[in-house]
Structure formats: C-alpha cells, structure tokens
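# Architecture at a glance
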Amino acid sequence: MRISVMSQMHRSFSIDLPSLIPLQLPSRRETHLWYVIPDEVKSTSLLKRYSQLLSPIEKDGVDQMRGDELKKNALLARTLVRTTIARYQTNKEVDPRSLMFKKNVYGKPEVDWQNCNNQPLHFNISHTDSLIACGVTVHVPVGIDVEDKERKIKHDVLAFAKRFYSADEVNVLATILDPEVQRKEFIKLWTLKEAYVKALGKGFSAAPFNTFTIQSMPGTEGAYNLCKTSEVTADPPEETKKCNGGWKFALFDLADSHYAAVCTEDDQANEGAPTKIIVRKTIPFVEDQLISERIFL
Amino acid sequence: MASPSTSSLSFKAPSIQSTRTSQVLRKPLSFQPISFGRFQSSKNLRLQISCAAKPETVQKVSDIVREQLALSADTALTAESKFSALGADSLDTVEIVMALEEKFNISVEEADAQNITTIQEAADLIEDLAQKKPAA
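Keep in mind that this is a model prediction, so the values were computed, not measured. Every chain begins its residue count from 1, and numbering advances along the sequence as written. Naming scheme: in the order in which they are written, chains are lettered from A and ligands are numbered from 1. Predicted model: local features are reported for residues with pLDDT of at least 70 only, side-chain atom pairs are reported and counted for 80 or more only, and whole-chain, interface and lining totals are derived from all residues. Just so you know, side-chain values use all the structure's heavy atoms and leave hydrogens and water out.

### With respect to the packing of aromatic side chains
All names here are of chain A. What counts, and what does not: In this scheme Phe, Tyr and Trp rings, the latter by its six-membered ring, pair at centre separations within 6.5 Å, and the angle between planes marks the pair as stacked below 30 degrees, edge-to-face above 60, and tilted otherwise. By the criteria applied, helices consist of DSSP H or I runs no shorter than four residues and strands consist of E runs no shorter than two, each listed in order from the N terminus. For each residue, the accessible area found with a 1.4 Å probe, counting protein chains only, is set against the maximum for its type, and the residue is called buried under 20%, exposed over 50%, and partly exposed in between. Sitting over a ring, as applied to charges here, requires NZ of Lys or CZ of Arg to be within 6 Å of the ring centre and within 35 degrees of the ring normal.
Summed over all chains, the structure comprises 13 aromatic pairs over all chains. Ring geometry for F160 and F186: centres 4.9 Å apart, planes at 70°, overall edge-to-face. Placement of the pair is F160 in helix 5 (residues 157-164) and F186 in helix 7 (residues 179-200), with a sequence separation of 26 residues. Like F160, the residue F186 is buried in the burial classification. Considering the side-chain rings of F160 and W190, the 6.1 Å spacing of their centres and the 85° angle between planes classify their relative orientation as edge-to-face. Pair noted here: F160 is in helix 5 and W190 is in helix 7, with a separation of 30 residues, a long-range link. Site record: aromatic cluster; members linked through ring pairs are F160, F164, Y165, F186, W190, Y196, F209, F212, W247 and F249. Above the face of the F164 ring, R163 is positioned so that its terminal group lies 4.7 Å from the ring centre.

Below, the structure written as structure tokens:
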C-alpha cells in the first residue's frame, strides 16, 4: 500500500514539472541578466506551479507580503532565482526545488551547494513593482539593482543626495539644472551604488553611501568608475581618493522602463578587460527572449 | 563615514560599541523572507533592550510609512508591520528615515537607518534619539 502511494506521488511530481532548458555558464568576462515582467505572467496554473518550487520558508515569505501583487512578485522572484540557477547545472538536470540557499555572515543570499560541487556560480537579484531581475556570474561576486525610471523621489533630490551621497556626487548633481534630468541622474547613481554594496556583500555598514563616489568614465556610454574616500589621519585631516580598479560597473536601460546597474568584482587575471552583459527576458518554463548583448569597457 | 555636523544630536552609545561588533557574526539561518534583493547588516543590540515606544510615536511613524509607500486606507498597519512586507525597497526605507528625521527633528546614523525593518523599530529609535537630545 505504502509503495503504491509513493510511486503515485513520484509520478505526480514528474508530470507537474516540465523540464527546464539548460543554459551555458557565463564566461569569466560575462554577466547574464535575466528578468521577468510580472504583468506578463497571468496564468494561475503557471503561478501555482511556481509556488510548488518554493521551500516552506520561502512560501512563508510570500505569504507575509501584504497584498496579492506583492505576493505574486515575491513568488516570481524566488522562482526566477531557482529556475535560473537550476538551468546552469549542465552536468545533470537539477530540480529547482532541490536548491538550498543560505546567507553569508553579513546576510547576503547565496546558493548552498551542500558540498556537491564547488560551483563558481554567483547570483544577485533585484526587484521593483514591475520588473524582477537576476544577475549571474562565474567566479566573481555580482550585485545588481533595477529601478523604475519614472520613480518619483518624495524629498528634494539634492537634499537627499547631500544626506546620503558623497560630496563629489552631490557636486555632479548640483550642476544639473533640469530637475527631471537631475532626478534621473540621481536614480542612476542610486542603482550603481546599490549594485556595488550588494556585490561587496558585506552589508551597508561596510560601505556607507557617502564613503564612495561612482562617476561616469568620460568618453564611454554606461561605464563607471568607483572612487573610495578615506580620511587620512593628519592635521588637518585629509581626504584621499582611490579610484583604482577592483570593481566594474555597467549601467543601461532595461525594458525601456528601468535603469539597471550591474557591478562585478574585477577579475585579477583580466583586470581592466571589457565585460559583456547578456540580457534575456524570461517566463520560467515558458520562454526566453534574448534582448541584448553589450560590451562595457 | 562622515558624521553629521549639525546641531541635532546624533546617536552615540559608547558602552554598546563592543557589543555591536560582537553582533557582526549573526546566525546565518535567520531568514529574512522578503529582502531577496537586499540583505541586512547586524541588528543593533541597543534597539532590543530599549523600552517600547509610545503609541503616539508608533502612529506617527505609521502615517509616514503609509504616505511613503502609498498604501491604501484598508492596509492595516501595526507596530509589527515589516517595511519589506509592505513593499518597501531600500530607497523607500531611506526616504522613510528622512521623513522621520524631519518630523521628529532627529538625526539617524546610516548604520541605524539600514537596520530599521518594522514600524516598532523606527518608533523605538526615534524615542531613543529624542531622549538623548540636550534640553532646550
């Protein structure tokens, strides 16, 4: 009796979940960016399938969200992470339900490979009301942030920047006269700074926003530099700026509606080499769409 | 990190500094269910040991949160309400903190700002900071 019940259960699991199409790992100089548009996922049966992928803790997390839209987005975020990572395991088919996650000592989410393989895969997710994104790299930590371009800031943009950004960044924003352009630059800077802190993976206390400057690299489109400010103990105290490498940044438009920032640790072997970002839109189990492949210096 | 050189008193608790550092190694399994795209630095021990804030403070915080997140009138808010469960992202949290600073005339250190996750925590922090201000 017990055996037939179990084989029934086994059958229903394998029927319910279609296979995931495997993916080639990113190369060392690549970041893969996947995104889902919640409005494009309407099928309740598909959403039900997604919820079957989640761990009990993740399901609790979804349930805690206040409101159907927030619940749906939380579900899509976990689904995107599980299915995307599962697809990169090209050695064998990996059930996305079987993936385990943990947090590093500072709280950054990572895959818990359970000593199966020493996987070099890194990921980071970001979401807004209307878009959920997941960045994937190999060998180097990655941080991403996406923001709605039209997002309105309730405070005065410059006051906000003075409170939280670095002095150099405030100066750049202060020279922009058009308030709309200024607001957009503010948002772009926010995504870049968030992406950096998330790539660093040590929590916000490790890199308060006013201790580093991200500036655009002249003559490039979408490439940025990081400068860290540190106070040298002297009399009077001086501020030194270190703008050497270590981290690569890319900022670009996503789905015409969002800014996306990607930050990866510069691979020491290939320091300074250009990086490629491959953007794909997806509906897990349904379809992928290649959106762009772009090189950033 | 730049310390605010304004007239409002920013929070410093020298006796807590050592315990704050020891809090860095937090348990990796305390799952923050919502902040998938963000993660939190160690909790401020001080927040846990202070007395609970007055109901009026909690109410004022709720009003600010409701406005910042554009919540509908039928979204019930309690002291335990988590910002992330209400759909707040990091930018919202920072804007909430700025609004709280303006409303209560306090100055919140960035590390504390990032640690606020519920209405109760915001209210507790506000009352702690308000208490430490020099008498007018």
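Following the structure, the description resumes.
### Some details on the packing of helix 2 (residues 44-51) of chain A against helix 4 (residues 68-87) of chain A
Residue and element names in this part refer to chain A. To be explicit about the condition: Lines are fitted to the C-alpha atoms to define the axes, a helix being fitted only along its stretch in contact, and any angle between axes, read from their N-to-C directions, falls within 0 to 180 degrees. Note on angle classes: values under 35 degrees are labelled roughly parallel, values over 145 roughly antiparallel, values of 65 to 115 roughly perpendicular, and the remainder oblique. Put simply, a crossing is left-handed when the front helix is turned counterclockwise from the back one by less than a right angle, and right-handed when it is turned clockwise. Whether two residues touch is decided by their heavy atoms; if any such pair falls within 4.5 Å, the residues are in contact. Just so you know the grouping, Ala, Val, Leu, Ile, Met, Phe, Trp, Tyr, Cys and Pro go in nonpolar, Asp, Glu, Lys and Arg go in charged, and all remaining residues, Gly too, go in polar.
Their axes nearest at 9 Å, the elements helix 2 and helix 4 cross at an angle of 60°. Considering their axes alone, helix 2 and helix 4 lie oblique with respect to each other. The two elements helix 2 and helix 4 cross, and the hand of that crossing is left-handed. When helix 2 is examined against helix 4, the residues L47, Y50 and S51 are found in contact with a partner set consisting of K72, L75, L76 and T79. In the contact of helix 2 with helix 4, the residues fall into 4 nonpolar, 2 polar and 1 charged.

### A few points about the UniProt feature "domain: Carrier" (unreviewed entry) in chain B
We apply this condition: UniProt positions are given in the numbering used here, feature names are shortened, and annotations may be inferred rather than shown by experiment.
Residues annotated by UniProt as "domain: Carrier" (unreviewed entry) correspond here to residues 55-130 of chain B. Overall, residues 55-130 of chain B shows 62% helix and 0% strand. The separation of its end C-alpha atoms is 15 Å.

### Examining the interface of chain B and chain A
To keep it simple, the criterion reads: In the sections that follow, a salt bridge refers to a side-chain nitrogen of Lys or Arg positioned within 4 Å of a carboxyl oxygen of Asp or Glu. N or O atoms closer than or at 3.5 Å make up a polar contact, with two conditions inside protein: a donor-capable atom paired with an acceptor-capable one, and, for residues adjacent in sequence, both atoms drawn from side chains.
Listed as interface residues are 40 residues of chain B and, on the opposing side, 43 residues of chain A. For the interface between chain B and chain A, the tally reads 3 salt bridges. Between R151(A) and D92(B) there is a salt bridge; the shortest N-O distance is 2.9 Å. Our count for the chain B to chain A interface comes out at 12 residue pairs in polar contact (both at pLDDT 80 or more). Secondary structure elements with two or more residues in the side of chain B that touches chain A: helix 3 (55-68), helix 4 (90-104) and helix 5 (110-115) of chain B. A per-element tally of the side of chain B that touches chain A places helix 4 of chain B first, with 9 residues.

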